[in-house]
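Here is how the chains run, residue by residue.
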Amino acid sequence: MTTPTTLADRRPAPGRTPSPTGWSASFRRLNALARAELILLIRNRSAIFLALVLPIVMIFSIRASLRQIDLGGTGLSVAGAALTGGIGIVLVQVVYMNLVTGYVTRREELVLKRLRTGEVTDREILISTALPSVALAILQSVLLVVAGAIAFDLSAPKRPELFLLGLLVGFVMMSALAAATSAVTRTVQTSQLTTLPLFFVSLFASGIFVPLDVFPDKLATAFELLPLTGVMTLVRHGWLGGVETGDLITAVVAALAWTAFAVFAVQRWFRWDPRG
């Protein structure tokens, strides 16, 4: 009978390099899991199609709707409002909606449960699952900025620090909200329903389709408290400029508050086992 190895005997065998520990080990695990997730994402042709094509379609829809709105006094052009709104579309569809499906799929296929039996931490599992979608969103955001400069005569971001802050907070917030939403999503099919509330609220009340400047003041003030509004304010004014200090503070506080709430919700309610 083979004698089981005791937990106390952790010394490396002669001539064998010890396993990496700390940040190095965490980075290697994240890299391996993220590459595996990227391969799965690339193989999912429908997900890639929706992630690449649907935001472009939505941008043209935004542009068409903006032509029916009087933007006078907002300081925004149709092209500027449409392209910055396009980044909001990328955050909602490529990061949030795509990741809800990803987390639910991995949970129902017992992938998350099996990963937790190894050395990988919970945080590494969640982050590595999100990284491919975030990378795709970064690529699309860069392409939107380039397209704005080449095809629509828009300048480079006037406040790059605000623009990058908006993107960074947006990626973290949408990833965390996706993980939180997966907790109330039973199957991959129902993820199309559980993501709709945030999708529609963000599209029509967070400044993606219609800038908040065209709404009545009281309504616009209420919309400023929605999850994606602060991010959109940072992205839009970071790219196009013209933000006031009061609006900037409100945007940062709202965005960080929703991000903190989303992270707390994941820690409190995220489900690792299939829902019964």
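It should be noted that the structure appears before, not after, this text.
Residues numbered from 1 in each chain as written. Predicted model: local features only at pLDDT ≥ 70, side-chain atom pairs only at ≥ 80, totals over all residues. Heavy atoms only, no water.

Asker: In this structure, what is going on with the overall build of the protein chain? I would like to understand it.
Answerer: In terms of helices and strands, the protein chain carries 11 helices and zero strands. Scanning the protein chain from its N terminus toward the C terminus, one meets helices and strands in the order α-α-α-α-α-α-α-α-α-α-α. Taking the principal axes of its C-alpha atoms as reference, the protein chain extends roughly 85 × 40 × 35 Å. Of all 276 residues assigned to the protein chain, the portion counted as buried reaches 46%. (Helix = DSSP H or I, 4+ residues; strand = E, 2+ residues; numbered from the N terminus. Buried < 20%, exposed > 50% of the residue type's maximum accessible area, 1.4 Å probe, protein only.)

Asker: In this structure, what is going on with the packing of aromatic side chains? I would like to understand it.
Answerer: Each aromatic ring pair is specified by the distance between its two centres and by the angle formed by the two planes. The full count for this structure, using the stated rule, is nine aromatic pairs. Look at Phe-204 and Phe-209: their rings are 5.3 Å apart centre to centre, the planes differ by 25°, and that puts the pair in the stacked class. Residue class for Phe-204 comes out partly exposed when judged on its relative accessible area of 43%. A ring pair is formed by Trp-258 and Phe-261, whose centres lie 5.9 Å apart and whose planes are at 90°; its orientation type is edge-to-face. One end of the pair, Trp-258, and the other, Phe-261, are both in helix 11 (residues 245-269), three residues apart, so they sit about a helical turn from each other. Using a relative accessible area of 28% as the deciding quantity, one classes Trp-258 as partly exposed. Classification of Phe-261 by relative accessible area gives partly exposed; the value is 43%. Taken together, Phe-199, Phe-200, Phe-204 and Phe-209 form an aromatic cluster joined through their ring pairs. (Phe/Tyr/Trp six-rings, centres within 6.5 Å; stacked < 30°, edge-to-face > 60°.)

Asker: Before we go on, may I ask you to explain the environment of Glu-108 in this structure?
Answerer: Looking at the secondary structure, you find Glu-108 in helix 3 (residues 78-108). Along the sequence, Glu-108 and Trp-272 sit 164 residues apart, while their C-alpha atoms lie 8.8 Å from each other. Leaving out residues up to four positions away in the same chain, Glu-108 has contacts with Arg-186, Pro-274 and Arg-275. Within the structure, Glu-108 has its side chain in polar contact with the side chain of Arg-107 (distance 2.8 Å). (Contact = heavy atoms within 4.5 Å. Polar contact = N/O pair within 3.5 Å; in protein donor to acceptor, adjacent residues only side chain to side chain.)

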